[in-house]
Amino acid sequence: MHVSRSGRTLLQAVVVLVAALTLFGCAAKNGTRADATKGTVLEYRMSEGDPISYEFLSDNAQTMDFNGQSIEIDTSEMMLFSVTPKGMKDGDQAIGITIDTLYVAVTAAGNTTESDAEHIVGKGFDMTVSKSGAEGGLPEPDLLEYMVGPEGPKSVITGFGVIFPDLPDGPVEIGDTWPTTVEVVEDGEGANVTVIIESVNTLEGFETINDLECAKISAVLTGTIEGGGTQGGVEWTMSSVLDGGGLWY
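Not measured: the values here are computed from a predicted model.

**Student:** Describe the overall build of the protein chain, and please don't skip the residues or the numbers.
**Tutor:** Across its full length, the protein chain carries two helices and 16 strands. Classification of the 249 residues of the protein chain by burial places 45% in the buried group. When contacts within the protein chain are restricted to residue pairs at least 6 apart in sequence, long-range pairs at least 24 apart make up 60% of them. Per element, the accessible surface of the protein chain, about 12200 Å² overall, is 48% carbon and sulfur.

Right under this line is the structure:
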């Protein structure tokens, strides 16, 4: 990763997108259904009732070239959130999100900074998700913001714009793969950054977790980050590549 001048404040865009593809949780017993001809159809289908618990874990390692010096930045995130099904809205599943726990730690140059996010625990918002995983109806990002050190506020809402991985169009069997693409443009405060992540997803099999039959899916990630802007009167640009992996149920 190569960043000139003060590009570090926008690196959270990478963390949000990579982390969003490492998700643990099963929507409901009817989240998968057998196809009469071949394989299993994967869909987001939630019956109204008790909230569904999700666990979201991410470890992100970055290497940044900053004015000729190489800096290692490690970010760990853990979030527990609840999803309450609220019926259908314009053909999509309406859901309520509640943040149960949020912890983020960033380590750079041997120093660790932890998130200040206690004020958003217990708070939530409404959104929608389609059968294939398209998110919609999200509120403005400033609704749920928190701080990690001096880098400025970060929004939980941004991550939920890509929280549900996209599912294949048709039935799949164990070993089948399908590609997905996520593109996010971060535009604001004198900066514009575009993050594109390509994911190759594989249905690894099925596991029973908390009495629910879950599809186990792995993801191989590659992507690019391009952008620039002005900070403190100094122009900066960033250009980087990323790779990684994820596992979700």
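**Student:** Tell me about unusual backbone geometry, and please be specific about residues and values.
**Tutor:** With phi around 55 degrees, D90 is a residue other than glycine that occupies positive phi space. Tracing the backbone through its elements, the reader meets D90 in the loop between β6 (69–89) and β7 (92–108). For A109, which is not a glycine, the phi torsion comes out positive at approximately 55 degrees. Structurally, A109 is set in the loop between β7 and β8 (111–116).

**Student:** Please set out the nonpolar core residue by residue, giving values where relevant.
**Tutor:** Soluble globular proteins tend to bury their nonpolar side chains together. By size, the foremost hydrophobic cluster in this structure holds 48 residues, and its most contacted members are F81, I97, I99, L102, V156, F160 and F164. Ranked by residue count, the leading element in this core is β7, at seven residues. Filtering out sequence-adjacent residues up to four positions away, V156 remains in contact with M79, I99, L102, I120, L144 and Y146.

**Student:** Could you give an account of the pattern of salt bridges, with specific residues and numbers?
**Tutor:** For the structure shown, the criterion picks out three salt bridges. The closest approach of N and O atoms between K86 and D126, which form a salt bridge, is 2.9 Å. Placement of K86 in strand β6 and of D126 in strand β9 (residues 124–129) is noted, with a sequence separation of 40 residues between them. Classification of K86 by relative accessible area gives partly exposed; the value is 44%.

**Student:** Go over the environment of P85, please, and point to the residues and values.
**Tutor:** Structurally, P85 can be placed in strand β6. The spacing of P85 and E48 is 37 residues in sequence and 5.0 Å in space, taken between C-alpha atoms. Sequence-distant contacts of P85, defined by excluding residues within four places in its chain, comprise M46, S47, E48, G49, D50, I52, Q93, A94 and I95.

**Student:** I'd like a rundown of the pairing of β8, residues and numbers included.
**Tutor:** Where β7 meets β8, four bridges bridge the pair, whose relative direction is antiparallel. Across the sheet, T107 pairs through a bridge with T112, a residue of β8. Following β7, the chain reverses through two residues before pairing antiparallel with β8; A109 in that reversal takes a positive phi of roughly 55 degrees. Pairing between β8 and strand β11 (residues 145–148): two bridges, direction antiparallel. Opposite S115, over in β11, you have V148 as the bridge partner.

**Student:** Go over the packing of aromatic side chains with me, naming the residues and quoting the values.
**Tutor:** Evaluated as defined, the whole model comprises five aromatic pairs. Measuring from centroid to centroid gives 5.4 Å for Y44 and F164, while their planes differ by 75 degrees, and the two rings are edge-to-face. Pair noted here: Y44 is in the loop between β4 (40–42) and β5 (52–66) and F164 is in the loop between α2 (156–160) and β13 (177–188), with a separation of 120 residues, a long-range link. For the pair Y44 and F164, one class covers both residues: buried.

**Student:** Describe the environment of G122, naming the residues involved and giving the relevant values.
**Tutor:** You can see G122 is positioned in the loop between β8 and β9. Sequence separation between G122 and I97 is 25 residues; the distance between their C-alpha atoms is 9.7 Å. If sequence neighbours within four positions are ignored, G122 has contacts with T98 and I99.

Calculation rules
- The written sequence of each chain sets the order in which its residues are numbered from 1.
- Only residues with pLDDT of at least 70 get local features here, since the model is predicted, and only at 80 or more are side-chain atom pairs given and counted; chain-wide, interface and lining totals rely on the full set of residues.
- Side-chain metrics in this entry use all non-hydrogen atoms of the structure; hydrogen atoms and water are not considered.
- Under the DSSP-based scheme used, a helix requires at least four consecutive residues in state H or I and a strand at least two consecutive residues in state E, with every element numbered from the N terminus.
- Exposed residues in this analysis have more than 50% of their type's maximum accessible area, buried residues have under 20%, and partly exposed residues fall in between, with area computed by a 1.4 Å probe over protein chains only.
- Any pair of residues with heavy atoms lying within 4.5 Å of one another is described as a contacting pair.
- The protein chains shown are the only cover counted for residues, whose accessible areas, like all others here, come from Shrake-Rupley with a 1.4 Å probe.
- Only buried residues count toward a nonpolar core. Its members are Ala, Val, Leu, Ile, Met, Phe, Trp, Tyr and Cys residues joined through side-chain atoms within 4.5 Å.
- Basic side-chain nitrogens of Lys or Arg form a salt bridge, by our definition, when they fall within 4 Å of a carboxyl oxygen of Asp or Glu.
- The criterion for strand pairing is that DSSP finds at least two bridges linking the strands in question.
- Aromatic rings from Phe, Tyr and Trp, taking only the six-membered ring of Trp, are treated as a pair when their centres fall within 6.5 Å; an angle between ring planes under 30 degrees marks them as stacked, one over 60 as edge-to-face, and anything in between as tilted.

Limitation: the analysis is restricted to geometry and does not speak to function.
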